[in-house]
Amino acid sequence: MFCTSLYHCNNPYSGPASAYGVIGKTIAAYFNKVNAEGGINGRKIRFISYDDAYSPPKAVEQARRLVESDKVLLIFQSFGTPSNTAIQKYMNAKKVSQLFVATGATKWGEPKHFPWTMGYQPPFWIAIVPCGPSIAGACQETRATQQARLAGCALICRRQNWSREETTMNRGILGATLAGALVLVTSICWTQSWAQDQGRPPAPPALVGMGLPEVPPEQVGMSKQKLDRIHDALKQHVADGKLPGTVVLVARKGKLIYADVTGFQDKDEGKPMALDSLFRIYSMTKPLVSVAAMMLVEDGTIQLTDPVSKFFPAFKGQQVSVARSDNELARMSYFTVAVEREMTVQDLLRHTAGLAYGEITVNAPVRDAYAKAGLYLAGVRDYDARELTPAEEVERLAKAPLAHQPGTVWEYSMAVDLLGRVVEAASGKRLADFLDERVFKPLKMRDTAFWVPPGKISRLAQPLAVDFASGQPIKVIDVSKEPKNDSGGAGAVSTAGDYLRFSQMLLNGGQLDGTRILSRTTVALMTSDHLGSRIATPFGPGELLLGTPGYTFGLGFAVRPGGGIAGVPGSAGEFMWAGYAGTYFWVDPKEELTAVYMSQAPSPIRAYYRKLVKQLVYGALTD
């Protein structure tokens, strides 16, 4: 829900009969009208009132709770009192936009009470005063002081007895001012490239939660004109019925330079896509869980060389399904042999544990064992084993044969699902809780989780009913209810903004906004080549993700070892991953670049869109 707060203080200077009482009613009436007409960005406005009682500590604590709820776009408040001053300093530090309301003609019109004396320049302010010439002078003085940088100054005169006509007039002034303020705030925070056919404005910054400073692309060596080609290209594919809708975010040198939406969040309902739409990210859950595991490595709780049996003894003494060609009968047969060494935590992180996915493995006994165990729902839904409890998942994976000897072959697999169980066993916490405490909350990834609560379900992006390329019905996981296990390989939901913060943290060497998640050396270890020449890659990470060779694998990411070979632009040291339903991200340390592409289109041609966005972003580099 889109929220704003309406400051109501219950003190002698601003009670119900005061100018504040009047403005409170006027603002409420204006936004009630907005709500009746569908709200802002399709969301209704909720008023939050709080009482300062002239107590700065209490007022700041109340303001803190509002800001941390991440639902505040604008704070409506006055300035000049001790508590207001404290709140303004807090909001300024947190970079929360404020729309100031001044009451009184003399005291409140004095420049020393204005917010810019504390280093904050509000885009709008409203003066509610007794009618008279003094406030007009104050407004002019204010504008002169700001060298015309204030976008507006609305004067609302208050007489002892307001007539209906005066109230209507003042409400109109207020409405125009507030509407302008909202437009200004969003235009300051975002580029214009997200405009779409429906003319829907972007989601409020507080909801998107990116928290990265936004600058024109040219300021960091990129072309806005060329970046806009991304929108044009994707818009055409939406119009052709190949994609439901998309969100694309690009950041360079720690600055947001592109934020775009196309198409629909839910085409059947005619709901347009929004920057804060939620997506099933499937395998883009894997990097999140890989980071969680490496945090435990840094804690000293896990070592990469630990055998998985240290945490789950059932993985001792496994069998490996080995293929044998029968030339006489022209068929493939299988037999089992004992493992030569146990799988390790490092094997889980780099997909060399001998595990598989029933959906894609060619090892028939492994696929059949997964189907029988409920680890693979053949013909029902791909990459969904969330109906098993963690104990059931571990037990059934341990009983199924391995597809390869551990440490010998890279095969994309359920390894990170099992890694999630290791994180739980090592930390003593549920995977969702560990990630929330150690990764999501510190990085302010407020919408990333393993299921969508009722209050957010209206933001969940939906796929088309039928895939354009294959003609098959599209089936995706149901994330509206709590799963029996948190699938570390395919179970999370997120927003483009949340994932951009995660990828920016990695680009920064493990920290963001002063919060360190991993050490620089750990990130370097994770984004190094962990396959080398000893581990076979019959079908490599780049071929799986982008339909091109040229990538190896690290600990949770595909890694580009050089500039050549791959059929897509990029740099040595770049790392990336993607999700079954059409999501994709990459980080390029050399170019100081990261990008996130979100869609809900689990199509065989999803690699095409990953390459398309990637080449258009690199084509926009100008330095």
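Refer to the structure above for everything that follows.
In short, a report on the structure. Just so you know, these numbers come straight off a predicted model, no measurement behind them.

**Re the nonpolar core**
Counting residues in hydrophobic clusters, the biggest one holds 140 residues, and the most contacted among them are Leu348, Leu355, Tyr370, Leu418 and Phe502. Looking at this core, the element that brings in the most residues is helix H8 (residues 285-299), giving eight residues.

**Section: the environment of Val238**
Note that Val238 resides in helix H7 (residues 224-239). Residues Val238 and Phe264, 26 residues apart in the sequence, show an inter-C-alpha distance of 8.4 Å. Residues within four places of Val238 in sequence aside, it is in contact with Leu243, Pro244, Gly245, Thr262 and Gly263.

**Overview of the pattern of salt bridges**
Between side chains of opposite charge, pairing is possible as soon as their charged atoms come close. For the structure on display, the rule yields 24 salt bridges. Here Lys316 ties to Glu342 by a salt bridge, and the two come within 3.2 Å at their closest N and O atoms. Residue Lys316 is found in the loop between H8 and strand S11 (319-326), and its partner Glu342 is found in the loop between strand S12 (331-338) and helix H9 (345-350); the two are separated by 26 residues along the sequence. Judged by its relative accessible area of 53%, Lys316 falls in the exposed class.

**Some thoughts on the packing of aromatic side chains**
A complete count under the given rule lists 15 aromatic pairs for this structure. Relative to Tyr618, the ring of Trp586 has its centre 6.0 Å away and its plane inclined at 20°; by these criteria the two rings are stacked. With Trp586 in strand S19 (residues 584-588) and Tyr618 in helix H17 (residues 606-618), this pair connects stretches of sequence that are 32 residues apart. Side by side, Trp586 and Tyr618 carry an identical accessibility label, which is buried. Taken together, the aromatic side chains of Tyr282, Tyr357, Tyr383, Trp410, Tyr412, Phe553, Trp577 and Tyr580 make up a single cluster linked through ring pairs.

Parameters and conventions
Going along each chain's sequence as written, the residues are numbered from 1 onward. Side-chain atom pairs in this predicted model are given and counted only at pLDDT of 80 or more, local residue features only at pLDDT of at least 70, and totals for whole chains, interfaces and linings cover all residues. To get the side-chain values, all heavy atoms of the structure are used, and hydrogens and water are removed first. In these notes, a set of buried Ala, Val, Leu, Ile, Met, Phe, Trp, Tyr and Cys residues joined through side-chain atoms within 4.5 Å is what counts as a nonpolar core. The buried label applies to any residue whose accessible area, calculated with a 1.4 Å probe on protein chains only, is under 20% of its type's maximum; exposed applies above 50%, and partly exposed to all values in between. Secondary structure counts use DSSP, requiring at least four H or I residues in a row for a helix and at least two E residues in a row for a strand, with both numbered from the N terminus. For this analysis, residues touch if any pair of their heavy atoms sits within 4.5 Å. One side-chain nitrogen of Lys or Arg within 4 Å of one carboxyl oxygen of Asp or Glu is enough to make a salt bridge. Each pair of aromatic rings taken from Phe, Tyr and Trp, with Trp reduced to its six-membered ring, is defined by centres within 6.5 Å and is described as stacked if the planes are under 30 degrees apart, edge-to-face if over 60, and tilted in the remaining cases.

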